[in-house]
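Below, each chain spelled out in residue letters.
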Amino acid sequence: MMMWVEKVHIYGFGKWHDQWFDFNERLTVVQGPNESGKTSLKQFILYVLFDLPLSRRKSYIPKLGSTFGGRLFINTKEHGTVIVERMMDKRKNQAVCLLEDGSQKKEEFLKTSILNGMNRHTFEQIFSFNDQDLQKLQFVKSEDLGRVLFGIGLSGSDKMTELEKDLTKHMEQLFKKRGKKPIINEQLREIKDLKGKMMERVEKEGRYNELQEEIKKLEKEKMIKEIELEDRRKKLEWVDKHLRVQEAIQQYQQLDQKLQKYKDMGTFPHMGLERHRQLKEWILPLQSDIHALKKRIESKEKTIETMNHQLIHEHAFQALSELDELWNEYQYIERISKEKQSALQASNQSLKHQLSQLGNQPGEITLSDYPLSAFTEDKWGGLAREYEQNMENEDKQKQQEKRLEDEQKNLQAKADDYHSQLLPDDEYKNLKNQIHQHREAEWKEQWIRDQQSMYQNEQKALQKTIRRFQRVGFLSVLAGILSLLSAGMIAYFTENITGYIWGTVLLFLGMMSRLGIGVSIKSLKNRISTIQGNVQTDKYQSLSDHQIQEIEKRIHQHEHILNKWQEWKARLEDNRKELDRCKQDQELINQKLIRLREQIQEERDRYPFLESVEVPYWPSLYFKVTKLQGEETEREKLEADISELAEQKEKLQTRVETIANQCNLKLTKHDHIWQELEELKENEYKKRNKFVRLKEEIQQAQNELQELNDQLDPFVKEQKLLYAKAGVNDEETFIEKGKRFEEKTQLRIKQEEWFYHIRIVFQSEADGIVRQSFHWSEIKQEKHTHEQKIKPLEENIEEHRQRVADLNAELNQLEENEQLSSLRHQFAFQKNELREQVKQWMIYKTADHFLKKTKQIYQNEYLPQVMERATLYFQRLTEGQYLQILPPSDEETFRVESAEHIQYEVSELSSGTTAQAYVSLRLALSEVMNNQYGVPFLIDDAFVHYDRSRKEEMLAIIKEISHRQQVIYFTWNENDFYNQEKIAVSLQTQKISLL
């Protein structure tokens, strides 16, 4: 398929608004009742492809005001999927094509590359028809049916027949060779009468006769020259025709010479190589299958022989058969044991977890050794309540104590804050002194000078004392060192240690003396520094009034803050007293807690598991302990059950080992005995099943071998028959002869193709032309000669024509009177009218000539193919009652041949048979022309009047056509194609299904 419509998107067209339709590559059935929009959908497809006239567009303008137009998604072989969009209000109603690579093409691309130059009229005449086309046949006269069907076979429409009739009618109205009523005949008669009258008026003048004779002579000479020119032109045309097909003639004759080599080749079966290849394709797989089957049978027989030695004894196999029952019992015991183990493990885990919550590990304590009574529960509850109450009181006291401590800190911070704002005592006293000193400034200054003099004297005396002490200290150390040296020397020479001792003592005393003098010196230096400080600090200058006010203000602020600080100090003392009372209450609570803890410890000594449990949880612990005591009892029972199951499991294990010994099973691992026995059993079952299956397969393979031999025999016989028909004995000779036969066939096909070109030019003369031998150089020379002689002849004829015109002008001058002038005017007028009428007749004649020539070309090129396809469809639609449709000859009309080999003209057929012939021709023409155009075929309810059997056959034909060309079938009947897979566009439900 060159192109097919994938889907349709209608923006707005008729009743459709923003609607999508999907189509199949082959057959799409559009089903819906009348007025459902089938025709609108069909016209939309034609509108996007070919546009519509403005008058027809108006009838499909959407009533809801949506955009007029839409898109077709067209799949093409060369360009992939092309989106064709056409909208009335955009691009002046021109189509635009969007390609897969994103490029955009104009409408010219749609016309040339997709539609291959086809217009709307051609599409509707060849690739679209409906029931109205069939109904028109009822109004065609019986004698015109043949011409109408001939026009359908050529162009898909009866328009050609109607046009031919119209042309003939118009030509006969203008002119007939024999007749008086046609317009040109009447005009010629009137001109002849006028000319006679004109001749009567001028015949008296002698010059007129001379002129007339001369004109006749010139006309005769001109006519001879024209005949000669026409003859030359015909010969030139003959030469041109030969030269135009020179290559075809030469190729045809060369191929004919090559074909002579195959003259004595003999016979060869029709499609022999193809049939031989097909037989080989059938024979080789069968021979291969036979060989494979024989190998497979042989292999299976060897396998069976080997397996006979591998099977175990029957009594061991019977013992193995009990394995499933034993395994189920073993599995049951194992499952119960695991369940018990899981329960035991869960119990242990639960006990472990709950004991760990009690602060004990399994094995450390046995709860059943500590019986509990109802009195124990009441006692634990009382202790828990008392403990919680005391703890609550303790918490309250601690909170109260913390609150008082926090409050004390706040009060202390506030007091410290005020205290930090107080002036230092020295500064406060200094400010007080400054006030007094300001009033005693004069006598104070004198006193200061006296004090400075006294301090200076004292400083000098102290410095002298320091120097004296430094000398004494130095001499003391020096005397101690000398004493130590002297004593050391004496002790060394006398070897008495006493000298060392006295020397050391003297040195120590000297050092102590030096240290004492150092302390005194330091004290004296401090005294000197103090004196110097007093001298510097006691300097005072007189204060101004402003300075006095500032000092008094600072003193007032200091005294105010001092009062506040004393007030906070009092509140802090009250808080401290309340905190002391709170601590006394806390001491009482602590004494109660000590007595309570002694009682709690007594219980913990009696019940060790209480050691890690908080007292408030003892009441709930009572119930947990009683529950745990029950779980310990249950655990002991589980341990007893597990022990009993282990004994049963051991007995089963012993039985299995016995079976393993019977089967001579060598155990790789004792723990895997069940698995190995199960594998042995499965292997034994598999071996025995395989043994049986192999026997069945051998039997089946032998049956298949016999069937393959039966299938092979006809093909071998057919192959031998082909060899016999070809007169050969082996395959190699047959293929060699077949290739030569195909070469001959190909040469003949090429020869026919060249002959077709020759026949287009020479028509019926083509057979004689190809048998002639030509000297092409002479023909070319002849063409050159004719061309050289034609030009002088044309010039000579033109000179004669000019001379005749001059003589006619002179002749016209002789006609001077009014009557002759009037006759001449009438004659000229009638001649002009005749010229226009002849021109009109020539137009009709030319159109008729081209129409007949076109019919002839189509008849030669397309009609044989159309007739061949139409005959096949006609046979099927008439259920074999008619064998073929015969094209018309020159004297005859369309004919059909019945199954009895009787020929009928179409006028003798029933209306139903005529309609079937019409449909056959339409389908055949569409199929033949599809090779050139490759467009979808639209059928609109064309078979509503068909009976059931013929309609089913017609629908089957349409389905076959859809494999070569997309078919869009519009129908109201939802049962069309009801028994086939299909895809339909239901206009009632908008449900899509495709065939």
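Residues numbered from 1 in each chain as written. Predicted model: local features only at pLDDT ≥ 70, side-chain atom pairs only at ≥ 80, totals over all residues. Heavy atoms only, no water.

Caption draft 1: Structural detail: the sheet that holds strand E5 (residues 80-87). Across the sheet, six strands lie side by side as E2-E1-E4-E5-E6-E7; this open sheet has antiparallel pairing. Looking at the sheet topology across the chains shown, the edges are occupied by strand E2 (16-22) and strand E7 (104-105). Here E5 runs beside strand E6 (residues 96-98); their pairing, made up of three bridges, is antiparallel. Note on E6: the bridge partner recorded for Ile83 is Leu98. Its contacts with the sheet put helix H1 (residues 38-50) on strand E1 (3-13), E2, strand E4 (69-76) and E5, and the angle it makes with E4 is roughly 75 degrees. (Pairing = 2+ DSSP bridges. Helix = DSSP H or I, 4+ residues; strand = E, 2+ residues; numbered from the N terminus. Contact = heavy atoms within 4.5 Å. Axes fitted to C-alpha atoms, helices over the stretch in contact; angles between N-to-C directions.)

Caption draft 2: Region of interest: the environment of Lys725. Structurally, Lys725 is set in helix H20 (residues 673-726). For Lys725, a relative accessible area of 44% corresponds to the partly exposed category. Along the backbone, Lys725 and Pro269 are 456 residues apart, and their C-alpha atoms lie at a distance of 6.3 Å. When neighbours within four sequence positions are excluded, Lys725 is seen to be in contact with Thr267, Pro269 and Arg275. (Buried < 20%, exposed > 50% of the residue type's maximum accessible area, 1.4 Å probe, protein only.)

Caption draft 3: Representation of the confidence of the model for the chain in the model. Chain-level statistics for the chain give a pLDDT mean of 76 and a share of 79% at 70 or above. Ranking the helices and strands of the chain by mean pLDDT puts E6 first, with 94, and helix H6 (residues 145-155) last, with 46. Taken as a whole, residues 536-540 scores under 50 in pLDDT and shows six contacts with residues more than four places along the chain or in a different chain. (pLDDT = per-residue confidence, 0-100.)

Caption draft 4: Inspection of the UniProt feature "coiled-coil region" (unreviewed entry) in the chain at higher detail. In this structure's numbering, the residues bearing the UniProt feature "coiled-coil region" (unreviewed entry) are residues 194-265, 384-421, 572-718 and 783-824. Taken end to end, residues 384-421 has its terminal C-alpha atoms 55 Å apart, with 100% of it in helix and 0% in strand. (UniProt positions renumbered as here; feature names shortened; annotations may be inferred.)

Caption draft 5: The arrangement of a nonpolar patch on the surface in detail. Taken together, Ile501, Trp502, Val505, Phe508, Leu509, Met512 and Leu515 make up a surface patch of nonpolar side chains, about 740 Å² in accessible area. Residue position: Val505 is located in helix H17 (residues 498-537). You can call Val505 partly exposed: its relative accessible area is 36%. (Patch = residues over 30% accessible without salt bridge, like charges linked within 9 Å, V, L, I, M, F, W, Y side chains within 5 Å. Areas by Shrake-Rupley, 256 points an atom, 1.4 Å probe, with all protein chains shown as cover. Salt bridge = Lys/Arg side-chain N within 4 Å of Asp/Glu carboxyl O.)

Caption draft 6: Structural view of unusual backbone geometry. Although it is not a glycine, Arg91 adopts a positive phi angle of roughly 55 degrees. Here Arg91 lies in the loop between E5 and E6. The backbone phi angle of Asn93 is positive, close to 65 degrees, even though this residue is not glycine. Relative to the helices and strands, Asn93 resides in the loop between E5 and E6. According to the relative accessible area criterion, Asn93 is buried, its value standing at 4%.

Caption draft 7: Seen up close, the sheet that holds strand E10 (residues 895-898). Read from one edge of the open sheet, three strands run E9-E10-E11, paired in antiparallel fashion. Strands with a single pairing partner mark the edges of an open sheet, and in this sheet they are strand E9 (882-886) and strand E11 (903-905). Between one strand axis and the next, the sheet turns by 25 degrees as a mean value, whatever way the strands run. Note that E9 and E10 share four bridges and pair antiparallel.

Caption draft 8: Inspection of the side chain of Glu897 at higher detail. Structurally, the position occupied by Glu897 is in strand E10. Arg895 provides the closest opposite charge to the buried, salt-bridge-free Glu897, at an N-O distance of 7.4 Å. Among the polar contacts made by the side chain of Glu897, one reaches the side chain of Gln884 at a distance of 2.6 Å. In this structure, Glu897 is in contact with Tyr882, Leu883, Gln884, Ile902 and Gln903, ignoring residues within four places of it in sequence. (Lys, Arg positive; Asp, Glu negative; His and termini not counted. Polar contact = N/O pair within 3.5 Å; in protein donor to acceptor, adjacent residues only side chain to side chain.)

Caption draft 9: Region of interest: the packing of helix H10 (residues 246-260) against helix H21 (residues 731-762). One way to put it is that H10 packs onto H21 with a least axis distance of 9 Å and a crossing angle of 155 degrees. The angle between the axes of H10 and H21 places the two elements in the roughly antiparallel class. The element H10 and its partner H21 pack so that their crossing is left-handed. Residues Glu247, Ala248, Ile249, Gln251, Tyr252, Leu255, Asp256, Lys258 and Leu259 of H10 touch H21, and the partners they reach there are Lys744, Leu747, Arg748, Lys750, Gln751, Trp754, Phe755, His757 and Ile758. (Parallel < 35°, antiparallel > 145°, perpendicular 65-115°, else oblique. Left-handed = near helix turned anticlockwise from the far one by under 90°.)

Caption draft 10: Up close: the packing of helix H26 (residues 911-933) against helix H27 (residues 948-961). In contact at an axis separation of 12 Å, H26 and H27 are set at 5 degrees when each is read in the N-to-C sense. Put simply, H26 runs roughly parallel to H27. Residue-level inspection shows Gln916, Val919, Leu923 and Glu927 of H26 in contact with H27, the latter providing Arg950, Met954, Ile957 and Ile961. Split by residue class, the contact of H26 with H27 holds five nonpolar, one polar and two charged. (Nonpolar A, V, L, I, M, F, W, Y, C, P; charged D, E, K, R; others polar.)

Caption draft 11: Seen up close, H1. In this model, H1 (13 residues) spans 18 Å end to end at C-alpha, consistent with the 18 Å of a helix rising 1.5 Å per residue. In terms of residue burial, H1 counts as a mostly covered element, since twelve of its 13 residues are buried. Regarding H1, the residues found buried are Lys38, Ser40, Leu41, Lys42, Gln43, Phe44, Ile45, Leu46, Tyr47, Val48, Leu49 and Phe50. Asp51 sits one or two residues past H1 and shows a positive phi near 75 degrees. (Expected span 1.5 Å × (residues − 1).)

Caption draft 12: Summary view of the pairing of E1. In terms of burial, E1 is a largely internal element, ten of the eleven residues being buried. Of the strand pairs in this sheet, E1 and E4 are connected by eight bridges, and their pairing is antiparallel. Each residue of the ladder has a partner; that of Trp4, found in E4, is Asn75. Pairing of E1 with E2 involves six bridges; the strand directions are antiparallel. Along E2, the bridge assignment pairs Val8 with Phe21. In textbook terms, the turn of a hairpin is the stretch between consecutive antiparallel strands, and for E1 and E2 this stretch comprises two residues, one of which, Gly14, has a positive phi near 65 degrees.

Caption draft 13: Examining the pattern of salt bridges more closely. Applying the stated criterion to the full structure yields 26 salt bridges. For Arg576, the salt bridge goes to Glu573, with nearest N and O atoms at 2.7 Å. Of this pair, Arg576 and Glu573 are both found in helix H18 (residues 545-606), three residues apart, which corresponds to roughly one turn of the helix. Its salt-bridge partner being Glu697, residue Arg693 comes within 3.6 Å of it at the nearest N-O pair. Within this pair, Arg693 and its partner Glu697 are both found in helix H20, separated by four residues, close to a single helical turn. A residue is classified by how much of its surface remains accessible, and Arg693, at 40% relative accessible area, is partly exposed. Classification of Glu697 as partly exposed rests on a relative accessible area of 25%. One connected set of salt bridges, linked through shared partners, spans Glu219, Lys222, Glu226, Glu798 and Arg801.

Caption draft 14: Broad picture of the side chain of His800. Within the secondary structure, His800 sits in helix H23 (residues 776-813). Here His800 falls in the buried class, since its relative accessible area comes to 13%. Ignoring any residue separated from it by four or fewer positions in sequence, one finds His800 in contact with Leu218, Glu221 and Lys222.

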